[in-house]
Amino acid sequence: MCDEPTFVRILAETVADEAPRLFAVVQEYGERVDARIAAWGFAFPDHTELVSTDRTCRMVLDKPENALRGFRNHADHISARIIWHDPTMATALNDDDESSQESG
């Protein structure tokens with residue numbers, strides 16, 4: 001037995017160690033003309049789960065790359081790629097941003 005803070009720390013470490021990797025399937029139109037996030041996925045050690053952003057498609061796959069085929073359309077010049085989520089790349093404004101103070 002351990003105390004509550006120790007137990008919570010152990011649980012948090014377990015969650016961090018076992019968390020699936022988050023990724024997006026991004027559709028690109030033409031050569032760097034435009035793009036959109038078409039689906040979000042979780043990559044687990046033994047499988048991948050994916051849901052389209054329009055909620056019309058859910059998939060369980062062996063690996064993330066297997067989803068790409070369903071999001072490509074060569075006739076319309078649409079390609080697809082996996083982009084792994086990196087929280088350090090977020091560009092959302094925070095309360096200290098000058099631009100958020102100008103509009104408010």
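The shown structure was predicted, so the numbers you read here are calculated from the model rather than taken from an experiment. (Residues numbered from 1 in each chain as written. Predicted model: local features only at pLDDT ≥ 70, side-chain atom pairs only at ≥ 80, totals over all residues. Heavy atoms only, no water.)

*Asks:* Help me understand the nonpolar core in this model?
*Replies:* As a rule of thumb, nonpolar side chains are buried together in soluble globular proteins. One finds Phe 23, Val 25, Ala 38, Ala 39, Ala 43, Leu 50, Leu 61, Ala 67, Leu 68, Phe 71, Ala 80 and Ile 82 forming the largest nonpolar core, which totals 12 residues. The set of elements that each furnish at least two residues to this core consists of strand S1 (21–29), strand S2 (34–43) and strand S5 (78–84). When residues in this core are grouped by element, the largest group, 3 residues, is from S2. Setting aside chain neighbours within four positions, we find Ala 38 in contact with Val 25, Gln 27, Ser 52, Thr 53 and Phe 71. (Core = buried A, V, L, I, M, F, W, Y, C linked by side-chain atoms within 4.5 Å. Buried < 20%, exposed > 50% of the residue type's maximum accessible area, 1.4 Å probe, protein only. Helix = DSSP H or I, 4+ residues; strand = E, 2+ residues; numbered from the N terminus. Contact = heavy atoms within 4.5 Å.)

*Asks:* Would you mind showing me how to read the pattern of salt bridges here?
*Replies:* For side chains of opposite charge, pairing can occur when their charged atoms come near one another. Enumeration according to the criterion identifies 2 salt bridges in this entry. The partner of Arg 9 in a salt bridge is Glu 13, with the nearest N and O atoms 3.0 Å apart. Placement of both Arg 9 and Glu 13 in helix H1 (residues 4–18) is noted, with a separation of 4 residues, approximately one turn of the helix. Take Arg 9: its relative accessible area is 43%, and that puts it in the partly exposed class. Salt-bridge contacts for Glu 28 lead to Arg 81; the nearest nitrogen and oxygen are separated by 2.2 Å. Of this pair, Glu 28 sits in strand S1 while Arg 81 is found in strand S5, placing the two residues 53 residues apart along the sequence. (Salt bridge = Lys/Arg side-chain N within 4 Å of Asp/Glu carboxyl O.)

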